[in-house]
Amino acid sequence: MDSSENLDDKDSGPEVQMNFPSSVMSRIEELMGGTEQFDSDEFDAVAYINRVFPTEQSLSGVETAAARCEFRLASVQHDIQRLVREQAAQRDAGQAALLEAQRCIGELALQVTEINKKAERSESMVREITAEIKQLDCAKWNLTAAITALNHLHMLTGGAATLRGLAQRRQYKELVLPLQAIMEVLQHFESYRDIRELNALRDEVHSIRAQLATQILADFKDAFTGSKSGVSQRTLAEACGVVDALDPKVKKELLNWFISMQLQEYQHLFSAEQECAWLSHIERRYAWLKKHLLSFEESLASVFPHPWLLSERIARQFCKITRTELTNIMSSRRNEVDVKLLLYAIQKTYNFEVLLHKRFVGTDFTGIENLDTTTEKVNIGDDLKEGQSDEVAASGSPWVGLIGGCFEPYLSLYITSLDTSLRSLMDTFIQDAKSTDAGIGGTSGGAIANSGGSGAVIASCADLFLFYKKCLVQCARLTTGEPMLELAGVFQKYLREYASSVLQAALPRTGPSQLTLGALSSATNMPSLVTNLHTLLRDDTATRYTKQEIAKITSVITTSEYCLETTIHLEQKLKEKVAASLADKIDLVPEQDLFHKMISNCIQLLVQDLELACEPALQAMTKISWLHFDNVGDQSSYVTQIIMHLKNAIPNLRDNLASSRKYFTQFCIRFANSFIPKFIQNIYKCKPISTVGSEQLLLDTHMLKTALLELPSIGSEVKRQAPATYTKVVIKLMTKAEMILKLVMAPLDGNLEGFVAQFVQLLPESTLAEFHKVLDMKGPKLSKMQMSSLDALFKDTTKSVNNEVNK
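Within any chain, residue numbers begin from 1 and follow the written order of that chain's sequence. Side-chain atom pairs in this predicted model are given and counted only at pLDDT of 80 or more, local residue features only at pLDDT of at least 70, and totals for whole chains, interfaces and linings cover all residues. Side-chain figures throughout are based on the complete set of non-hydrogen atoms in the structure, without hydrogens or water.

Take the overall build of the chain next. Only DSSP runs of H or I with at least four residues qualify as helices, and only runs of E with at least two residues qualify as strands; both kinds are numbered from the N terminus onward. In terms of helices and strands, the chain carries 26 helices and zero strands. Buried residues in the chain amount to 40% of all 807 residues. Restricting the contact set of the chain to residue pairs at least 6 apart, pairs at least 24 apart contribute 77%. For the chain, the computed accessible surface area is about 45600 Å², with 54% contributed by carbon and sulfur atoms. Per-residue accessibility, obtained with a 1.4 Å probe over protein chains only, is compared with the maximum for each type, and a residue is labelled buried under 20%, exposed over 50%, and partly exposed between these values. Note on definitions: a residue-residue contact is assigned when non-hydrogen atoms from the two residues lie within 4.5 Å. Exposure was quantified through the Shrake-Rupley algorithm and a 1.4 Å probe, taking into account, for residues, occlusion by the shown protein chains and nothing else.

This is how it looks when you write it as structure tokens:
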């Protein structure tokens, strides 16, 4: 204690306390290997003493502990004094090192200054040495430039005279190279335009070039106009090499004159006043060019260089002239243009353009891409091969459409003719659909497309899309503009009519219900349609469909599926063929929705038919006296009847829809969603019911649930697992029926709250009306006060459960 008091006396001066952040303190502790517990801010002396001397007996070691503390204190003071002395010594050493560094820096600065002075003296010496060398190098460059300029000047002065002499003697072959050389020399003198003599030479050369151009054009005109100029074809061929060296305008003028001269005869023979100029003689135009090109290539093609492509230029100008003349003559005689004549002209023009493409482009196209409407049911792709081996994709050739574009304003006549043809074809389909065997084994439009029997695709839809395919192929090679939109409109029109007049007509007229396509075409009417179906089902005069009628319905489903898939491909192809700016205007989605709804309608008809078969069994269930059941036996007879109807109906449907498994699955799901709620509603009608009766009804429900779970593969030798979506629906709905019956068996007396809690737990989505139905099944007559109490308890329990779920 004395030593601590002495220490306090020594440190009695002002204290400066430094507070560091906790992160800094933890880092310091880490570097120092930890801190003494006495240094901690949380050190508690009393707690420490109590820990060291926990009992009176331990106080005997107080003197020893105090001695250890004094020894430790003396050691710390010794360390402090040593560190203070070492710090003073290090400060002196650091001061000495700083002075030494400053001295070294001063010496280094002197050395750098001296080096800079020596470098400047060396640079001055180098400049003195190389001054004369630079002068010599500049003189050499000037001398070289002067010699080059003199050589060019000599070439220019001598070359001009040479060019003039060669031009006068028409030595065009020897003239080409000097002319090219002189033109390059003139490029070197572009920077000397202020020298009068050079400008005079430049003007002379340009004058010679102009004279050459005039002379060569005159030679060609004299040679091909019948005058006796004496200029040979060899000389003309050599002159073409000179033309390439002259201004490009000269070549353009020569070609324009020559091509115009070559087509003068054509323009005269097929002028608007001539009878052969009309569309009915259009093939004569193309025959003339074929004959003329053959004659030209045999006699004059060797005169012109191959890169000039004279034959191709003549053919291209022929196409432009022909297009202009055909446009004018069709405009003046518009009333005489009919579909047959137009199609004849289009076909001949297209064939001619394909021929030009193969001649000048050299690529032999294999044909327009076929509309991909083939499926596993009906293969209609091979029907277009005949007569189309020479077709060329319009977007893939610079020649196709070069003349044919003039027919585009008149293609509305073609679209009208297609409309008429489709009208006739559709009338045939409608007539076949009205026949007795329509859609099952009739002829043409009504026949099944393959030998698969019931549920196969109606052949008329394959005929329809085959015709669509041919129309699209023909129209796509004629235009990609507005007529394609008109064609798409015609396609849409007859797709709708096919659905209404053929598919709808193929459905049986008798049965549990019959929907009209007018109602079917509105997507918003579907809920009301289902309601109408249920209403019609209650008609006492309703009869079930025969197997033949079921086959009709399934055939309509598979045909509608085929039409739906093919319509999707048709829309894609139309968008590919039409111009990009018009692609967004093509929309066959309404027609696709129409076939979707046709399929949905047919599935609903099948569902209602099967429900109608099960209806007597459900009515029999409600007539059983469930209150007087004595024991639980096997499944009831009504369950056996329902399962029998399922076994009789499902295999036939499954076979008919073998090629459309997804729609068979849809049928199963829709049947479960419709039949099981009806079954539950009939369970509510089984009142009053005893506990034994509830057990029997629960057994029946379980047996029916098992049968429904096996519904997709019922009656099949190959057992397949039911689709997960279907299984989920059956389990959810049938579980509700089982829970209702378990609640009916649950005791009610004395524990109303427990019953209500169990009801809400087993049927969490139930309503107050269902709660009342379950109470009615249990049998006891409750007073109004008891019912009010139960209703309030049900609402409170439901509300509390919903609140917990929302949390």
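After that view of the structure, there is still more to cover.
Tracing the sequence through the fold places Tyr 344 in helix α12 (residues 339-360). The contact partners of Tyr 344, leaving out residues within four places of it in the chain, are Leu 279, Ser 280, Ile 282 and Glu 283.

Aromatic pairing here means that ring centres of Phe, Tyr or Trp (its six-membered ring) are within 6.5 Å. Orientation follows from the plane angle: under 30 degrees is stacked, over 60 is edge-to-face, and everything else is tilted. Here the structure, examined in full by the defined rule, presents 27 aromatic pairs. On the basis of an interplanar angle of 80 degrees and a centroid distance of 6.1 Å, the ring pair of Phe 465 and Tyr 562 is categorised as edge-to-face. Residue Phe 465 is found in helix α14 (residues 459-476), and its partner Tyr 562 is found in helix α18 (residues 547-577); the two are separated by 97 residues along the sequence. Looking at Phe 465, the relative accessible area reads 1%, which means it is buried. With relative accessibility at 0%, the residue Tyr 562 sits in the buried group. Cluster of aromatic residues (ring-pair linked, three or more members): Phe 220, Phe 224, Trp 257, Phe 258, Phe 296, Phe 304 and Trp 308. We count a charge as sitting over a ring when the NZ of a lysine or the CZ of an arginine lies within 6 Å of the ring centre and within 35 degrees of the ring normal. The side chain of Arg 316 reaches across the aromatic face of Trp 399, ending 4.5 Å from its centre. A cation over a ring is seen here: Arg 333 above Trp 278, with NZ or CZ 4.0 Å from the ring centre.

Glancing now at the packing of α14 against α18. Two numbers describe how α14 lies on α18: the axes approach to 11 Å, and their chain directions differ by 5 degrees. Regarding the angle of α14 to α18, the classification is roughly parallel. Contacts from Cys 461, Ala 462, Phe 465, Tyr 468, Leu 472 and Ala 476 of α14 reach α18 at Thr 559, Tyr 562, Cys 563, Thr 566, Thr 567, Leu 570, Lys 573, Leu 574 and Lys 577. Side-chain classes are defined by residue name, with Ala, Val, Leu, Ile, Met, Phe, Trp, Tyr, Cys and Pro counting as nonpolar, Asp, Glu, Lys and Arg as charged, and the others, Gly among them, as polar. Of the residues belonging to the contact of α14 with α18, the class tally is ten nonpolar, three polar and two charged. A fitted line through C-alpha atoms represents every axis, and for helices the fit uses only the stretch in contact; the resulting angles, taken between N-to-C directions, go from 0 to 180 degrees. The scheme is simple: roughly parallel for angles under 35 degrees, roughly antiparallel for over 145, roughly perpendicular for 65 to 115, oblique for anything else.

Looking now at the side chain of Glu 571. Structurally, Glu 571 is set in helix α18. Reaching out from Glu 571, the side chain makes a polar contact with the side chain of Gln 592 at a distance of 2.7 Å. Discounting chain neighbours no more than four positions away, the residues touching Glu 571 are Ile 586, Asp 587, Leu 588, Val 589 and Gln 592. We call two N or O atoms a polar contact when they sit within 3.5 Å, provided that within protein one can donate a hydrogen and the other can accept it, with sequence-adjacent residues counted only if both atoms are side-chain atoms.

Two numbers describe how helix α23 (residues 724-745) lies on helix α25 (residues 768-778): the axes approach to 9 Å, and their chain directions differ by 50 degrees. In this view, α23 runs oblique relative to α25, as classed from their interaxial angle. Crossing of α23 against α25: the hand is right-handed. In this structure, α23 uses Lys 736, Ile 740, Leu 741, Leu 743, Val 744 and Met 745 to contact α25, whose residues at the interface are Glu 770, Val 774, Met 777 and Lys 778. Its residues assigned to classes, the contact of α23 with α25 shows seven nonpolar, no polar and three charged. Throughout, a crossing is termed right-handed when the near helix is turned clockwise from the far one, and left-handed when it is turned anticlockwise from it by less than a right angle.

We call a set of buried residues a nonpolar core when its members are Ala, Val, Leu, Ile, Met, Phe, Trp, Tyr or Cys and they connect through side-chain atoms within 4.5 Å of each other. Grouped together as the largest cluster of nonpolar side chains are 187 residues, with contacts concentrated most on Phe 220, Leu 326, Phe 407, Tyr 498 and Phe 667. Excluding its chain neighbours within four sequence positions, the residues that come into contact with Phe 220 are Leu 236, Ala 239, Cys 240, Leu 254, Trp 257, Val 303 and Phe 304.

This paragraph deals with the pattern of salt bridges. Definition used for salt bridges: Asp or Glu carboxyl oxygen within 4 Å of a side-chain nitrogen of Lys or Arg. If you walk through the whole model with that rule in mind, you get 20 salt bridges. We note a salt bridge from Glu 497 to Arg 423, for which the minimum N-O separation is 2.3 Å. Placement of Glu 497 in helix α15 (residues 482-506) and of Arg 423 in helix α13 (residues 411-434) is noted, with a sequence separation of 74 residues between them. Among the residues examined, Glu 497 registers a relative accessible area of 16% and is labelled buried. Arg 496 is the salt-bridge partner of Glu 591, the closest N and O atoms lying 2.6 Å from each other. A residue pair is termed long-range when its members are at least 10 positions apart, and Glu 591 in helix α19 (residues 589-623) and Arg 496 in helix α15 qualify at 95 residues. Classification of Glu 591 as buried rests on a relative accessible area of 2%. Residue Arg 496 is classed as partly exposed on the basis of its relative accessible area of 40%.

A word on the state of the cysteines. Put simply, a disulfide is two cysteine sulfurs that come within 2.5 Å. Evaluation of the coordinates by the stated rule reveals zero disulfides. No disulfide involves Cys 563; its nearest neighbouring cysteine sulfur is the one of Cys 461, lying 4.4 Å away.

Among the residues making up α25, those that are buried are Glu 770, Phe 771, Val 774, Leu 775, Met 777 and Lys 778. Buried residues along α25 cover an arc of 160 degrees about the axis, so they all sit on one side. Immediately downstream of α25, the backbone of Gly 779 shows phi near 100 degrees, a positive value. Think of the arc as the fan of directions from the helix axis to the C-beta atoms.

What follows concerns the confidence of the model for the chain. The predictor's confidence in any single residue is recorded as pLDDT, a number from 0 to 100. Of the residues in the chain, 77% have a pLDDT of 70 or more, and the chain-wide mean is 78. The low-confidence segment residues 1-16 (pLDDT under 50) makes four contacts with residues lying over four places distant or belonging to another chain. The low-confidence segment residues 511-541, where pLDDT is below 50, has 56 contacts with residues more than four positions distant or belonging to other chains.

To continue, consider unusual backbone geometry. Of the consecutive residues Lys 687 and Pro 688, the connecting peptide bond is found in the cis state with omega at -10 degrees. For Pro 688, the position within the fold is in the loop between α21 (661-684) and α22 (691-709). The phi angle at Leu 309 is positive, at roughly 55 degrees, despite the residue not being glycine. Checked against the element boundaries, Leu 309 lands in the loop between α10 (282-299) and α11 (310-332).

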